[in-house]
Amino acid sequence: MDQKPGYKLTKLGWIPEDWEMEQLDFVTPNGEKYGIVDGPFGSNLKTIHYRNSGVPIITSGYVTEGVFHADEYLYVDQELFEREKRSSVKGGDIVMAKIGARCGASAILPKDHQTGILSGNALKISVDETRHSNFYVWSWLWYLYQTRKIELLKTVGAQPAISMSSLKKYKLPIPPLPEQQKIAQILSTWDKAITKTEELIKQNQKRKQGLMQQLLTGKKRFREFDKSWQVLKVKEVADVDKESLGSNTATSYSFRYISLSDVEDGRVSNSLPTLEFGLAPSRARRIVKKGSVIMATVRPNLQGFAKIKSDENDLIASTGFAVLDVRENFSSNYLFHYLFSHHMTKQIDSLIVGSNYPAINSKEVKNLKINIPSYSEQQKIASVLSSADQEINSLQNQLGKLKEQKKGLMQKLLTGEVRVKID
């Protein structure tokens, strides 16, 4: 491997000569015995210890998105906190999920947060901010999580968990403090843009929900429409599961294949596999036409909805979907938004049967009653709601780009491939 001028070779690759490789437990404050520590042993913190006020319990669920977020807390009393003080966590500490599918995800506890106690499924890393930037250290840990390199720190067992000893010994490339702070400043700028975009998405989604509640119930109408609405069943508006693949289907019949996991937030994944019918999964059953509305009727995506775009070629749907082909003089866009609004407000939950394996019977879908205005009014309502969807989709695409840009920036800045200018 060719020598890079001004760089040295480490286990992580080339890093600048003036950077050091330091174990994670060396970034904690000198003399702090529990700089990296997990929550109390299970029997030491159980539901019987929970209180309505006192010292907040900080759990792994608050940090799995890379930003600390807690809608509500459980608490312990001061006596238990003093007994388990080794597991205390303060503002500025890095909190990491220790156990479970999202173990390794982390976030910084806000500086002004009340001192709390870790739950058994979390750990914390205290950073000596006279020598290191906690945001720089957290950025490295989040980068390891996003690139799945955190797998090196996991133990093998009944469920994934972070090895405390491996975490403490893991070595990070550490630049001089001013450079750490500059890198942290650049990356936090991207985080602010990401947070702002996420907030805009939530605002637009809330606005759309308000529009659906007003427009799809007739509480708010457009001036040009005054005709009374009808109440019809879905089977009077659309054919349900009309066209299935039969044994006489040609083996050269080629479709893109859509499964339950490909539908989310009213949209179909852009990366569907293309299969010849002869090679299609055994669950492939129904042909989905342009403009069809599909509704997931079984787990794991019960009530997932989507409308197939007018420029989309025919698809094959797996079992577990109801496929609705809307009849003439009815709007497929209107039907999609109507059913999706019932999903969002949980009104459609009444159709679910079974407890061990909840599902929706296609007969119940056919008999579902819906409010139907004139065709022109259906189109107008659907147009307004589709415009709201376009705004949300545009913001979601923007958010995806910002996250990818940040990931690329992290790779370059955190390894010193790109050096920052120190003022």
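From a predicted model like this one, the values you see are computed outputs, not experimental measurements.

## Some words on the overall build of the protein chain
Of the regular secondary structure elements, the protein chain holds 8 helices and 28 strands. Burial analysis of the protein chain (423 residues in total) assigns 47% to the buried set. A fraction of 76% describes how many contacts in the protein chain between residues 6 or more apart in sequence connect residues 24 or more apart. Approximately 22,500 Å² of the protein chain is accessible, and the part contributed by carbon and sulfur atoms is 48%.

## A look at the side chain of Ser-386
Assignment of secondary structure puts Ser-386 in helix α8 (residues 375–413). In contact with Ser-386, other than residues within four places in its own chain, are Asn-333 and His-337.

## A look at the packing of aromatic side chains
We describe a pair of aromatic rings using the distance from one ring centre to the other and the angle between the two ring planes. This model, assessed by the stated rule, comprises 9 aromatic pairs. Consider the rings of Phe-336 and Phe-340, whose centres lie 5.6 Å apart with planes at 20°: the pair is stacked. You can see Phe-336 and its partner Phe-340 sitting in helix α6 (residues 332–344), 4 residues apart, about one turn around the helix. We note that Phe-336, like Phe-340, is buried. Connected via pairs of aromatic rings, a cluster forms that spans Tyr-62, Phe-68, Tyr-73 and Tyr-75. One cation-aromatic arrangement involves Lys-4 over Tyr-7; the distance from NZ or CZ to the ring centre is 4.6 Å. The aromatic ring of Phe-222 is capped on one face by Lys-380, whose charged end is 5.3 Å from the ring centroid.

## A closer look at the packing of helix α4 (residues 177–215) against α8
Axis separation between α4 and α8 bottoms out at 10 Å; the angle between their running directions is 165°. Between α4 and α8, the angle falls in the class roughly antiparallel. The way α4 lies across α8 gives a crossing that is left-handed. Grouping the amino acids of the contact of α4 with α8 by side-chain chemistry returns 22 nonpolar, 6 polar and 8 charged.

## Here's the deal with the nonpolar core
Ranked by size, the top nonpolar core spans 37 residues in total, and within it Leu-24, Ile-125 and Leu-167 carry the most contacts. For this core, the element with the highest residue contribution is helix α2 (residues 134–146), accounting for 10 residues. Those residues in contact with Leu-24, other than ones at most four positions away along the chain, are Ile-36, Ile-125, Val-137, Leu-141, Leu-167, Lys-168, Tyr-170 and Leu-172. Of all hydrophobic cores here, the second largest spans 30 residues; its members include Leu-211, Leu-215, Phe-222 and Leu-335.

## Digging into the pattern of salt bridges
Taken as a whole and judged by the stated rule, the model has 21 salt bridges. One salt bridge connects Lys-406 with Asp-191, and the closest N-O pair in it is separated by 2.7 Å. Of this pair, Lys-406 sits in helix α8 while Asp-191 sits in helix α4, and the two are 215 residues apart along the sequence. Of the two residues examined, Lys-406 and Asp-191, each falls in the buried class. A single network of salt bridges, built from pairs that share partners, joins Asp-18, Glu-179 and Arg-419.

## Details of the sheet that holds strand β4 (residues 36–38)
Through backbone hydrogen bonds, the strands of a sheet pair up, either in parallel or in antiparallel fashion. Read across the open sheet, the 4 strands follow the order β4-β11-β8-β9; overall the sheet is antiparallel. Single-partner strands in this sheet number two, and they are β4 and β9 (106–108). For this sheet, the mean angle separating the axes of adjacent strands, direction not counted, is 20°. Sheet topology note: the β4/strand β11 (residues 122–125) ladder contains 3 bridges and is antiparallel.

## Details of the environment of Leu-12
As for its position among the elements, Leu-12 is in the loop between β1 (7–10) and β2 (13–16). Here Leu-12 falls in the partly exposed class, since its relative accessible area comes to 37%. As a C-alpha pair, Leu-12 and Lys-171 span 159 residues in sequence and 9.0 Å in three-dimensional space. For Leu-12, the residues in contact, after removing those within four places along its chain, are Met-21, Trp-140, Tyr-170, Lys-171 and Pro-173.

## Some thoughts on the sheet that holds strand β6 (residues 75–76)
Read across the sheet, 4 strands follow the order β6-β5-β10-β7 without closing on themselves; strand pairing throughout is mixed. The open sheet terminates on both sides in strands that have one partner only, identified here as β6 and β7 (88–89). Sheet analysis places strand β5 (residues 55–58) next to strand β10 (residues 116–118), joined by 2 bridges and oriented parallel. From the neighbouring strand, Ile-57 faces β10, where its bridge partner is Ile-117.

Rules of the game
Residues numbered from 1 in each chain as written. Predicted model: local features only at pLDDT ≥ 70, side-chain atom pairs only at ≥ 80, totals over all residues. Heavy atoms only, no water. Helix = DSSP H or I, 4+ residues; strand = E, 2+ residues; numbered from the N terminus. Buried < 20%, exposed > 50% of the residue type's maximum accessible area, 1.4 Å probe, protein only. Contact = heavy atoms within 4.5 Å. Areas by Shrake-Rupley, 256 points an atom, 1.4 Å probe, with all protein chains shown as cover. Phe/Tyr/Trp six-rings, centres within 6.5 Å; stacked < 30°, edge-to-face > 60°. Lys NZ or Arg CZ within 6 Å of the ring centre and 35° of its normal. Axes fitted to C-alpha atoms, helices over the stretch in contact; angles between N-to-C directions. Parallel < 35°, antiparallel > 145°, perpendicular 65-115°, else oblique. Left-handed = near helix turned anticlockwise from the far one by under 90°. Nonpolar A, V, L, I, M, F, W, Y, C, P; charged D, E, K, R; others polar. Core = buried A, V, L, I, M, F, W, Y, C linked by side-chain atoms within 4.5 Å. Salt bridge = Lys/Arg side-chain N within 4 Å of Asp/Glu carboxyl O. Pairing = 2+ DSSP bridges.

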